[in-house]
Amino acid sequence: MADHQRIHPVDLEAGNRPSTPLVPSGSFRSDKGDPAQAQRATNNHQQQAQRGYGPLPPPPRRVAPPAPPLPPPKRRGRGCCCRFLCCVIITIVVLAVLVAAAAAALYFAFKPKAPQYTVDRLSVSAFQLDPSTLTARAAFDVAVTATNPNTRIGIYYERGSSLSVWYEQYRLARGALPAFYQGHRNTTALAIAMAGEVQLGSAVVSGLQDAQRQGAVPLVFRADVPVRVELGRFKLWKVTSRVRCDLVVDRLMDLSSPIKIKASNCKFSFKL
C-alpha cells in the first residue's frame, strides 16, 4: 500500500501577507490614518455583525465645532447724536456758569441800587369838559424828582421818552422827559408840562364828579424812559426804565386853588 500521504496545514493568509510594511518606518502617516488600525476596526465590526449583534453604526467621525456667530454691526448714528447732544449741553452749562460768575462779580464790585422817583407836585393849568361831546381837555404841570443812589453807576436818560397821566383807562395828558445825564449819588428835580384831550363816557364823568365831591380822585402817572447804564467807564446797552406812580388828589375839575396830592406810591422796573 502506498505510503500514507500526510496533509500538513498551510497558512493561506501567510502567503498573501506582505513581507514589508505598507508604510515604511520613519515616514509620516497619511491623512486617512494607520491602514492596519483601520483593518482591525473593520474586522472587529464584521465579527460583531456575525455574532448576531446586528449591523452596527459606523464609528463616529470627529466634527469640528461650529464657528461662533459674528456680532451684529454697531449703530454709529445714535452714538454720534448722543455725543453731539452731550457736547451741546455741556457747552450751555459752562456758558451759563460763566455768565452767572461774571454777573456776580459785577454785582459785588458795583453794588447796584435801583433809582428812586417821586411826584412832588401836580398842578392842573387847564381842565375843560365839553358837555355836548363829553370831551375833556387838560393841561398838567408835574414836578418829578429822580434820585440815583449809586456811588459807581451813572444813568444816561435818552430821547424818546413817554409820560402820561391816566384816570382809569383814559389818558388825560401826555408829555416827554428831556435827555440828560445823572451822575453818582445825584438827585435831579424835573418840571414837566403835559397836555391832552380824551372823550369820556357819561358814566366816567359821573364817577369823576363823585370822586371830586369826596375829595379823593385817583390818578396814575406813567413814564417809559430809554436809559443807558454806565458801569465805571463802560456804557451798557439801552434799556427802558418804567415808572408807575399811583396818586390820589383832592380834586381835578376845580382850578380855584392848587391841587393837593394826598397819596403817592411809585414803582420802578426795567424793560429789556
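A brief structural summary. (Residues numbered from 1 in each chain as written. Predicted model: local features only at pLDDT ≥ 70, side-chain atom pairs only at ≥ 80, totals over all residues. Heavy atoms only, no water.)

Enumeration according to the criterion identifies four aromatic pairs in this entry. Ring geometry for Tyr156 against Tyr181: centres 4.4 Å apart, planes inclined by 45 degrees, an arrangement best described as tilted. Taken together, the positions of Tyr156 in strand β3 (residues 153-157) and Tyr181 in strand β6 (residues 180-182) put the pair 25 residues apart, joining distant regions of the chain. With 4.5 Å between their ring centres and 15 degrees between their planes, Tyr157 and Phe180 make a pair best called stacked. Within this pair, whereas Tyr157 is found in strand β3, its partner Phe180 is found in strand β6, the two being separated by 23 residues in sequence. The exposure class of Phe180 is buried, given its relative accessible area of 18%. Following the ring pairs from residue to residue traces out a cluster consisting of Tyr117, Phe268 and Phe270. Here the guanidinium or amino end of Arg222 rests over the ring plane of Trp166, the centre of that ring lying 5.0 Å away. (Phe/Tyr/Trp six-rings, centres within 6.5 Å; stacked < 30°, edge-to-face > 60°. Helix = DSSP H or I, 4+ residues; strand = E, 2+ residues; numbered from the N terminus. Buried < 20%, exposed > 50% of the residue type's maximum accessible area, 1.4 Å probe, protein only. Lys NZ or Arg CZ within 6 Å of the ring centre and 35° of its normal.)

Of note, Leu134 is a non-glycine position whose phi angle comes to about 55 degrees, a positive value. With respect to the element layout, Leu134 can be found in the loop between β1 (116-130) and β2 (135-148). Phi is positive for Glu168, close to 55 degrees, though the residue is something other than glycine. Along the chain, the position of Glu168 falls in the loop between β4 (162-167) and β5 (170-175).

A word on the pairing of β4. Along β4, five of the six residues are buried, which leaves the element largely enclosed by surrounding structure. Two strands pair when backbone bridges link them, and β4 and strand β8 (residues 217-231) are joined in this way by five bridges, in the antiparallel orientation. The residue of β8 that forms the bridge with Trp166 is Val220. Hairpin connection of β4 to β5: two residues between the antiparallel strands, including Glu168 at a positive phi of 55 degrees. (Pairing = 2+ DSSP bridges.)

Turning next to the state of the cysteines. Tallying each qualifying case throughout the model produces one disulfide. Covalently, Cys245 is tied to Cys266 through a disulfide, its sulfur atoms 2.0 Å apart. Because the torsion about its S-S bond is 110 degrees, the bridge between Cys245 and Cys266 counts as right-handed. In this pair, Cys245 is assigned in strand β9 (residues 234-249) and Cys266 in strand β10 (residues 261-271), connecting sequence segments 21 residues apart. Cysteine Cys82 remains unbridged, with the sulfur of Cys86 as its closest cysteine sulfur at 6.5 Å. (Disulfide = S-S within 2.5 Å.)

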